[in-house]
Amino acid sequence: MGRKKPLVIVTRKLPDVVETRMRELFDARLNHDDAPMDHAALAAAMREADVLVPTVTDRIDAGLIAQAGDNMKLIANFGNGVDNIDVTSALRRGITVTNTPGVLTEDTADMTMGLILSVARRIAEGAKAIPEGHWKGWSPTWMLGRRITGKRLGIVGMGRIGQALARRAKAFGLSIHYHNRRRLSLAVEEQLEATYWESLDQMLARMDIVSVNCPHTPATYHLLSARRLTYLRPHAIVVNTARGEIIDESAMTRMLEANEIAGAGLDVFEHEPAVSERLVMLAKKGVVTLLPHMGSATHEGRIDMGEKVIINVKTFMDGHRPPDRVLPSML
Ligand code: 8YV
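Residues numbered from 1 in each chain as written. Predicted model: local features only at pLDDT ≥ 70, side-chain atom pairs only at ≥ 80, totals over all residues. Heavy atoms only, no water.

Draft legend 1. Region of the structure containing the packing of aromatic side chains. For the structure on display, the rule yields one aromatic pair. Ring centres 5.2 Å apart and planes at 45 degrees place the aromatic pair Tyr 178 and Tyr 196 in the tilted group. Of the two residues, Tyr 178 sits in strand E7 (residues 175-179) while Tyr 196 sits in strand E8 (residues 194-196), which places them 18 residues apart along the sequence. A relative accessible area of 0% places Tyr 178 in the buried class. (Phe/Tyr/Trp six-rings, centres within 6.5 Å; stacked < 30°, edge-to-face > 60°. Helix = DSSP H or I, 4+ residues; strand = E, 2+ residues; numbered from the N terminus. Buried < 20%, exposed > 50% of the residue type's maximum accessible area, 1.4 Å probe, protein only.)

Draft legend 2. How the structure looks around helix H11 (residues 249-257). All of the buried residues in H11 are Glu 249, Ala 251, Met 252, Thr 253, Met 255 and Leu 256. Taken together, the buried residues of H11 touch helix H10 (226-229), strand E10 (237-240), strand E11 (263-266), helix H12 (277-284) and strand E12 (288-290). Within two residues after H11, Asn 259 carries a phi angle of roughly 60 degrees, on the positive side. (Contact = heavy atoms within 4.5 Å.)

Draft legend 3. Seen up close, the domain arrangement of the chain. In terms of domain boundaries, the chain breaks down into domain 1 (7-103 + 299-330) and domain 2 (105-290). Computed over C-alpha atoms, the centres of domain 1 and domain 2 are 31 Å apart. Domain 1 puts nine residues into the contact, and the matching count from domain 2 is eight residues. At the boundary of domain 1 with domain 2, total buried surface from both sides reaches about 640 Å², with 32% on carbon and sulfur atoms. It is Val 56, Asp 83 and Gly 102 in domain 1 that bury the most area against domain 2; as a group they hold 53% of the surface buried on that side. Between the two partners, domain 1 and domain 2, sit one salt bridge. The interface formed by domain 1 and domain 2 contains three residue pairs in polar contact (both at pLDDT 80 or more). Considered class by class, the residues forming the side of domain 1 that touches domain 2 number four nonpolar, four polar and one charged. (Domains from an automatic or database assignment. Buried area = accessible area lost by both parts, 1.4 Å probe. Salt bridge = Lys/Arg side-chain N within 4 Å of Asp/Glu carboxyl O. Polar contact = N/O pair within 3.5 Å; in protein donor to acceptor, adjacent residues only side chain to side chain. Nonpolar A, V, L, I, M, F, W, Y, C, P; charged D, E, K, R; others polar.)

Draft legend 4. Expanded view of empty space enclosed by the protein. Within the structure shown, the criterion is met by one cavity of 30 Å³ or more. When its volume is computed, the largest cavity comes out at roughly 30 Å³. Lining of the largest cavity is provided by Asn 240, Gly 244, Ile 247, Glu 249, Met 252, Leu 266 and Val 268. The class makeup of the residues in the lining of the largest cavity is four nonpolar, two polar and one charged. (1 Å grid on protein atoms, 1.4 Å probe; cavity = no way out; pocket = protein on both sides within 12 Å on 5 of 7 lines; lining within 4 Å. Points joined across faces, edges and corners; volume = space filled by probe spheres on them.)

Draft legend 5. Looking closely at unusual backbone geometry. Residues Glu 272 and Pro 273 are joined by a peptide bond in cis, for which omega reads 5 degrees. Topologically, Pro 273 is positioned in the loop between E11 and H12. The phi torsion at His 222 lies on the positive side, around 50 degrees, for a residue other than glycine. Tracing the backbone shows His 222 in the loop between strand E9 (209-212) and H10.

Draft legend 6. Local environment of the sheet that holds strand E1 (residues 7-10). Read across the sheet, five strands follow the order E2-E1-E3-E4-E5 without closing on themselves; strand pairing throughout is parallel. In this open sheet, the two strands that pair with only one neighbour each are strand E2 (27-29) and strand E5 (96-98). Across the sheet, the axes of successive neighbouring strands diverge by a mean angle of 20 degrees, strand direction being ignored. Bridge count for E1 against strand E3 (residues 51-53) is three bridges, and the pairing is parallel. In the sheet register, Val 10 faces E3, and the bridge partner there is Val 53. (Pairing = 2+ DSSP bridges. Axes fitted to C-alpha atoms, helices over the stretch in contact; angles between N-to-C directions.)

Draft legend 7. Focus on the site of the ligand. Taken together, Thr 55, Val 56, Phe 78, Gly 79, Asn 80, Gly 81, Leu 104, Arg 243, His 293, Ser 296 and Arg 302 make up the full set of residues adjacent to the ligand. Asn 80 places a polar main-chain atom, nitrogen or oxygen, 2.6 Å from an oxygen atom of the ligand. A distance of 2.6 Å is found between an oxygen atom of the ligand and a side-chain nitrogen or oxygen belonging to Ser 296. In the complex, 90% of the free accessible area of the ligand, which totals 330 Å², lies under the protein chains. Its residues assigned to classes, the shell around the ligand shows three nonpolar, six polar and two charged. (Near = heavy atom within 4 Å. Areas by Shrake-Rupley, 256 points an atom, 1.4 Å probe, with all protein chains shown as cover.)

Below, the structure written as C-alpha cells:
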C-alpha cells in the first residue's frame, strides 16, 4: 500500500512537462487557465493543501499564513526571490519555505546585459523605427547612442546573477565595480577583475552604468533611495532586473524626466504589474526601456525551475531537508 499522495496546489500554469511530472508524483491541483488566484482562493488553498506552489504574483503574507490548515507544511516557491512570502511567519507556524535558486542566473544576466545594450545603444527605440515608418534612410547623426566599451559598470549585489553579469560585461569591455553586503574572495575579484566599493554612495557617484542585482529584503527596500540616486551623474544609466522595490521608482522617474540621469532599463517595477504613466511616457520618448518582468523567461529556465520545485517537494515529503530551504538568516 503506497502512502497517500500529498495535495500540492499550484497557483499558476507551469510548463507541460513540469505539470505532467507533478501529476505523476503528487495529488497536484493545477491552474489550467493561468488566472492568478485571488486572496480568498489562496486562503482556501492554504487551508486545504499539504504544499502550496506560489509564484511572484501571489502575496503569501502573515494573514494568509495564519489561516493555514494543519496539513500545510511546505511553501515551495516557483521563483528565486521570496519577497512575496512572509518567511518568518511561515517558519513560526512550522511551514518550510523553499525557492529555485541557480537555474535562472544565466538567463537573468543575459537580459540585464540586453537592457544595458538596449538603453545605451537605443535598441528598443531603433526597433520601432521601421515598423512605425519613421526610417528615411541612413544618416551620420541619427540614432546615436553611447559606447559601452571602456565604461564603468557598478553592480549592486554581487551574488550569482551579479557575477554572471560581471562575466558578460567584462567581455563587452566594461570595467567591473560592485557593492555587496560581503566582499568577494580575492580570487573571485581577480577573476572578474572587479573593484569592491564598501560605500554604495561613493560607487554610485563614479559609475556610468548601475545594475541592481540584489534580492529585495527589508534591508534593500529603496536601497537606491531618493538621496542616493542624486549621487548618480547626468550621463548615468540605471538597469534593474531584480525587484522594483529596491529603487525609489518615483524619485528615479523624476530624475529621468529632469535629465538628471540619462536612461533606465527596467524589467521590474515597484507596484508591479502596474507601471506608472510617467515611465510609459519616458519609454515613448526613448529614455527608458521597459520590459514586462521577463528576465528569467526562457523555456529551459522555467522547466528547470519546475524541476527544482518538484525536487524540493519530493525531498520534503520523503522526510528529508529540501535542498533549497529558505531561512530568515538568508534574507
Ligand atoms: C520569476 C524572479 O519568473 O525568480 C525570481 O525571483 O524574479 C522571476 O524571474 C518569478 O519570480 C517567478 O515566481
